[in-house]
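Per-entry structural report
What follows is the residue order along each chain.
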Amino acid sequence: MKKKWFTVLLALGFAVSLAVPVSAEAGLGGGGQGTKNNPWNISAPGSSVVAYLETNEDDPAKPTYTLVISGEGMMAELDVTGVTAEIEQKAIEEHVYDPLPADTRPWKDSLMDITRMVVENGVANVGKRTMKLASNLKSVALAASVKTIGMQAFHTCTGLESVDGLDKVAEIQQSGFEHTALRQVDLSGLETLGKNAFLKCTNLTSAVFGDSISAVGDGAFQLSGLTKIELPDSINSLGTAIFYMCKDLAYAKLPAHIQEIPNQTFQFCNNLATIALPANYLTIGQHAFNSTQLAGLLLPAGITEIAEKAFAGLPQNSVLYTREKKAAELLSSENYDSAKTAIGILDGGAFAGDTVFQAGTLAAPAKEGHTFGGWYENSDCSGEAVT
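Before going into details, it helps to say that this report is about the structure given with it. (Residues numbered from 1 in each chain as written. Predicted model: local features only at pLDDT ≥ 70, side-chain atom pairs only at ≥ 80, totals over all residues. Heavy atoms only, no water.)

1. Quick notes on the environment of V146
The cut-off we apply is this: Starting at the N terminus, helices and strands are each numbered in turn, a helix being any DSSP run of H or I of at least four residues and a strand any DSSP run of E of at least two. It only takes one pair of heavy atoms within 4.5 Å for two residues to be counted as in contact.
Mapped onto the secondary structure, V146 falls in the loop between β7 (139–142) and β8 (148–149). Sequence separation between V146 and I114 is 32 residues; the distance between their C-alpha atoms is 20 Å. Once residues lying within four places of it in the same chain are set aside, the contact partners of V146 are V119, V123, A124, N125, V126, K168 and V169.

See the structure below:
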């Protein structure tokens, strides 16, 4: 049985020149031994980009390397196909990678010995799957010229904790940093964030954006460790499941101008208790707020659609507030649990910006020129107020 509450409102880079392992592949452009004096050619058409390995000064008995990318223009589209779940697991748990026949990366034989990567000024991108499965890679330094991180460029680099220069990057493509150990990312120069860009980054607690970003792809931060997120108002396109299962996320702000809360946006964000939503969004997708800790939420007056299970699993004694009866009529057993959640109809009122919703407590609304007269269990606000 639906429980409804009503209101009445009354008037009122370091280098050592030592021998390094050499890939059997001579490089995309032919020749090259992977040394500074004889590097691998990894140029895209019309560019001049090379790569080589430098020996790190750490343990001479078990040498590790820095992969240096230098030159002018774009890296070629490197590739590694045929990666199975078993191969990924072996790279993560045992730090072992047996190069696949379709792996076109010249450094594939030394992949597990690379702990650092430097991309020098003049290079415009980090190409597709450049370091995929390099589970011992710990740090990356990007020059200001790097504007694009390619698809799966650092996929499953599970030891990668820091990327210097990321604040100058304009585009991170699909799964660019999926399953890495990054802790904080400065994305202040970003314009587009691709699908699953930071999927399974469980150590990632903070992501900061600038005002140049316009689009965030599906699952961009899914299963990450974010505790707080503020998406700037420059964003006009949000994908689905962006914060799905971000179990440590406690506060979120969505862009002011979006008209849709996409499917599964905050599903299973079990600690999400505070949220800042746009004022005039029109639709709420499936499971958008399913299993969050939101004790109260005000739906906009013009809302037209609330999809299946959008508010399933809210806390006991939570309240969904609407400005008018029409919006309340969109709520049904299909999209919320009436045994846990009540509906409060504000009679045209609103809440102050600093209102804190608490489970089991009906918040006091306000309206210019009026005074709050209490909450009632009937639509004509007659009888005795319950608050």
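Now that the structure is up, let's keep going.
2. Looking at the packing of aromatic side chains
Just so we agree on the cut-off: Only the six-membered ring of Trp is used, alongside the rings of Phe and Tyr, when aromatic pairs are assigned; centres must lie within 6.5 Å, and planes under 30 degrees apart are stacked while those over 60 apart are edge-to-face, with the rest tilted. Categorising residues by exposure relies on relative accessible area from a 1.4 Å probe, with only protein chains included: less than 20% of the type maximum marks a residue as buried, more than 50% marks it as exposed, and the intermediate range marks it as partly exposed.
Taken as a whole, this structure holds 15 aromatic pairs when the rule is applied. Centroid distance F243 to F266: 5.5 Å. Interplanar angle 10°. Geometry classified as stacked. Placement of F243 in the loop between β16 (237–238) and β17 (251–253) and of F266 in the loop between β18 (260–261) and β19 (274–276) is noted, with a sequence separation of 23 residues between them. In this structure, F243 and F266 share a single accessibility class: buried.

3. Things to note about the sheet that holds strand β15 (residues 228–230)
For clarity, the threshold we go by: At least two bridges found by DSSP between two strands is the condition for calling them paired. Lines fitted to the C-alpha atoms define the axes, with helices restricted to the stretch that makes contact. Angles between their N-to-C directions range from 0 to 180 degrees.
Spatial strand order, β15-β17-β19: three strands in an open sheet with parallel pairing. The open sheet is flanked by β15 and β19, the only strands paired with a single partner. Along the sheet, successive strands turn relative to each other by an average axial angle of 10°, direction set aside. As paired elements, β17 and β19 share three bridges and run parallel to each other. Residue pairing across strands places K253 opposite A276, the latter belonging to β19.

4. Observations regarding the side chain of T148
Its location among the elements puts T148 in strand β8. Discounting chain neighbours no more than four positions away, the residues touching T148 are A124, N125, V126, V169, E171 and Q173.

5. Let's talk about the pattern of salt bridges
Quick note on the threshold: Just to be clear on terms, a salt bridge is a Lys or Arg side-chain nitrogen sitting within 4 Å of an Asp or Glu carboxyl oxygen.
According to the stated counting rule, one finds seven salt bridges in the structure shown. In this structure, D167 engages K168 in a salt bridge whose closest nitrogen and oxygen atoms are separated by 2.9 Å. For D167, a relative accessible area of 24% corresponds to the partly exposed category. The partly exposed category is assigned to K168, whose relative accessible area is 40%. Measuring nitrogen to oxygen at the nearest pair gives 3.0 Å for the salt bridge that ties K253 to D233. With K253 in strand β17 and D233 in the loop between β15 and β16, the pair connects residues that are 20 residues apart, well separated along the chain. Residue class for K253 comes out partly exposed when judged on its relative accessible area of 23%. Its relative accessible area of 37% is what places D233 among the partly exposed residues.

6. Describing the side chain of N136
Rules: In protein, a polar contact means a hydrogen-donor-capable atom and an acceptor-capable atom, both N or O and within 3.5 Å, with residues adjacent in sequence counting only if both atoms are side-chain atoms; elsewhere, any N or O pair within 3.5 Å suffices.
Relative to the helices and strands, N136 resides in the loop between β6 (125–126) and β7. Engagement of the side chain of N136 in a polar contact is seen with the side chain of H95, the distance being 3.1 Å. When near neighbours in sequence (up to four residues on either side) are disregarded, N136 contacts H95, M112, I114 and T115.

7. Comments concerning the nonpolar core
This is how it is decided: Note on terminology: a nonpolar core comprises buried Ala, Val, Leu, Ile, Met, Phe, Trp, Tyr and Cys residues joined through side-chain atoms within 4.5 Å.
By size, the foremost hydrophobic cluster in this structure holds 90 residues, and its most contacted members are W107, F154, F198, F221 and F311. Contacts of F154, omitting those with residues within four sequence positions, involve M117, V126, M131, L137, V140, I149, L160, G176, F177, E178 and T180. If you look at the next biggest cluster of nonpolar residues, it comprises seven residues, including L346, F351, L362 and W375.

8. A short note on the sheet that holds β7
Taken in spatial order, the six strands make up an open sheet running β2-β3-β4-β5-β7-β9, and their pairing is mixed. Each end of this open sheet is capped by a strand with a single partner; those strands are β2 (40–41) and β9 (162–164). Of the strand pairs in this sheet, strand β3 (residues 48–55) and strand β4 (residues 65–72) are connected by eight bridges, and their pairing is antiparallel. Looking at β4, one finds that A51 is bridged to I69.

9. Here's the deal with the layout of surface pockets
Stated precisely, the cut-off is as follows: Using a grid of 1 Å spacing that covers the protein atoms alone, one calls a set of points a cavity when a 1.4 Å probe fits there but cannot get out, and a pocket when the set is open and has protein on both sides within 12 Å along at least five of seven lines; lining residues are those with an atom within 4 Å of a point. Grid points are joined across faces, edges and corners, and a volume is the space filled by probe spheres set on the points. Only Asp, Glu, Lys and Arg are considered charged, only Ala, Val, Leu, Ile, Met, Phe, Trp, Tyr, Cys and Pro nonpolar, and every remaining residue, Gly among them, polar.
In this structure, the largest pocket occupies an estimated 600 Å³ of space. Every residue lining the largest pocket is counted, 22 residues in all, and those nearest its centre are I275, A276, L277, L298 and F357. Element by element, the count of residues in the lining of the largest pocket is highest for strand β21 (residues 296–299), at four residues. When grouped by side-chain class, the residues that make up the lining of the largest pocket number 17 nonpolar, four polar and one charged.

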